[in-house]
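Structural overview
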Amino acid sequence: MSVHDQIEDARAQALSRVENAPDLDALVAIEPSLFGKKSTLGGLKRLMGQVDASERAAIGKALNAAQQAVREAFDSVRVTLAAEMRREQLETERMDLTEVPCAPNLGHLHLISQTTQRLEDVFVGMGFTVSEGPEAETDWYNFTALNLPSWHPARSMWDTLYLDLGSGEDVLLRTHTSPVQVRVMEQQRPPIYTVCPGRVFRRDTADASHLPAFHQIEGLVVDEGITFGDLAGTLDEFTAAYFGESIKSRLRPSFFPFTEPSAEFDITCTICEGAGCQTCARTGWIELGGCGVVHPNVLSNVGIDPECYSGFAFGFGIDRLALMRHGISDLRDMFTNDVRFLTQF
Ligand code: DAH
């Protein structure tokens with residue numbers, strides 16, 4: 001076979017392989033065998049040395065023309081196959097937009113916000129206002145004004161997170177919502193009937209029942225002739241309004257520096273309704289928070305005359321309340337913000 005025929009043969013074969021490539025991947029895979037040194041046309045190029053000098057120019061021209069023809073065919077088939085692949089991809093990934101629901105999936109308030117709002121609603125219904133205070137507090141509001149001087153041993157009840165601001169250990173993250181009591185009493189004169197919900201902070205490692213940041217609601221009443229009986233009646237009334245008539249409240253003697261007398265406030269266990277279960281350690285009661293009659297020193301600290309006015313205060317955890325109401329076993333679940341958990345409430 002003459003060299004020209006061999007070139008013609010190699011060209012025809014290469015073109016047929018290009019045209020028969022089933023898809024883009026197959027085409028790209030044969031590229032080295034079409035154009036590389038080991039391709040048939042490449043092999044023929046190496047034979048040029050043996051060709052008669054008079055024919056060399058013509059054979060060289062024919063080889064280049066054959067190679068160019070294969071390259072052009074290759075490029076054009078590649079464009080066609082790539083377009084085909086894209087079309088197929090678009091077809092399979094096509095989305096049916098006619099079935100989008102009319103209403104987008106709206107979010108809702110976090111369980112703690114919902115619980116806080118319900119608590120506020122109950123107290124507003126009983127004639128209370130809602131007050132707020134800052135999360136970063138000074139020592140005065142968080143401790144000193146609440147009858148907790150710097151040397152007082154009760155300060156160790158609160159594991160405090162101090163901020164690197166002000167002089168010494170003066171600025172801190174409030175350890176309870178009680179400082180809002182002081183702020184309210186500084187700004188308003190009695191009669192005062194208010195609740196103060198908010199976030200508080202303590203140096204605690206997170207576990208199923210503790211978090212370093214959690215929520216409390218504080219209550220404060222200051223008026224003429226307020227007694228411990230008013231406190232007990234208010235808490236009873238609140239318990240029935242929030243939990244329903246089957247849940248009762250009780251008070252147990254306790255100690256807080258800002259109230260005298262002080263008490264711990266328990267409610268019937270909402271899980272077993274008083275029968276005794278694991279959640280309430282078989283006592284039938286769950287501790288909600290602390291309360292008491294406002295200490296005369298606290299009233300004096302804000303310029304309210306304890307001879308004319310008296311008051312009561314209480315404070316309890318909101319997170320635990322939500323936990324009990326919904327039978328949640330781990331407080332941390334509420335704040336890791338997994339929507340699969342949150343959308344249940
Ligand atoms: N602040 C207290 C705490 O975080 C709870 C508390 C107890 C608040 C008695 C009060 C109160 O207002 O009178 O443990």
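The rules behind these values
- Residues numbered from 1 in each chain as written.
- Predicted model: local features only at pLDDT ≥ 70, side-chain atom pairs only at ≥ 80, totals over all residues.
- Heavy atoms only, no water.
- Patch = residues over 30% accessible without salt bridge, like charges linked within 9 Å, V, L, I, M, F, W, Y side chains within 5 Å.
- Areas by Shrake-Rupley, 256 points an atom, 1.4 Å probe, with all protein chains shown as cover.
- Salt bridge = Lys/Arg side-chain N within 4 Å of Asp/Glu carboxyl O.
- Lys, Arg positive; Asp, Glu negative; His and termini not counted.
- Charge placed at Lys NZ, Arg CZ, Asp CG, Glu CD.
- Helix = DSSP H or I, 4+ residues; strand = E, 2+ residues; numbered from the N terminus.
- Buried < 20%, exposed > 50% of the residue type's maximum accessible area, 1.4 Å probe, protein only.
- Phe/Tyr/Trp six-rings, centres within 6.5 Å; stacked < 30°, edge-to-face > 60°.
- Lys NZ or Arg CZ within 6 Å of the ring centre and 35° of its normal.
- Polar contact = N/O pair within 3.5 Å; in protein donor to acceptor, adjacent residues only side chain to side chain.
- Contact = heavy atoms within 4.5 Å.
- Domains from an automatic or database assignment.

A cluster of acidic side chains, namely D23, D25, E84 and E88, defines a negative patch on the protein surface. Residue position: D25 is located in helix α2 (residues 24-35). When its relative accessible area of 61% is taken as the criterion, D25 is described as exposed.

Below, the discussion takes up the packing of aromatic side chains. Applying the stated criterion across every chain, the model contains 12 aromatic pairs. Consider the rings of F35 and F74, whose centres lie 5.5 Å apart with planes at 85°: the pair is edge-to-face. Pair noted here: F35 is in helix α2 and F74 is in helix α4 (residues 53-92), with a separation of 39 residues, a long-range link. A residue is classified by how much of its surface remains accessible, and F74, at 0% relative accessible area, is buried. One aromatic cluster is present, built from ring pairs that chain together F123, F128, Y193, F238, Y242, F243, F265, F314 and F316. In this structure, R183 packs its charged tip against the face of Y141, placed 3.9 Å from the ring centre. The ring of Y242 carries the charged tip of R325 above its face, separated from the ring centre by 5.3 Å.

Take the side chain of T259 next. Structurally, the position occupied by T259 is in strand β8 (residues 259-268). Polar contacts involving the side chain of T259 include one to the side chain of S262, which spans 2.7 Å. Ignoring any residue separated from it by four or fewer positions in sequence, one finds T259 in contact with C291, G292, V293, V294 and H295.

Accessible area lost upon the coming together of the parts serves often as the stated size of an interface. Under the domain assignment, the chain is made up of domain 1 (3-106) and domain 2 (112-342). One C-alpha centre belongs to domain 1, the other to domain 2; they are set 78 Å apart.

Okay, the pattern of salt bridges next. For the structure on display, the rule yields 13 salt bridges. Residue R94 is joined to E91 by a salt bridge in which the shortest nitrogen-to-oxygen separation is 3.6 Å. E91 carries the same exposure label as R94, and that label is exposed. A salt bridge links R199 to E135, with the nearest nitrogen and oxygen atoms 3.1 Å apart. Highlighted residues: R199 in strand β5 (residues 192-201) and E135 in the loop between β1 (129-130) and β2 (136-138), separated in sequence by 64 residues. Salt bridges sharing common partners tie together E31, R71, D75 and R78.

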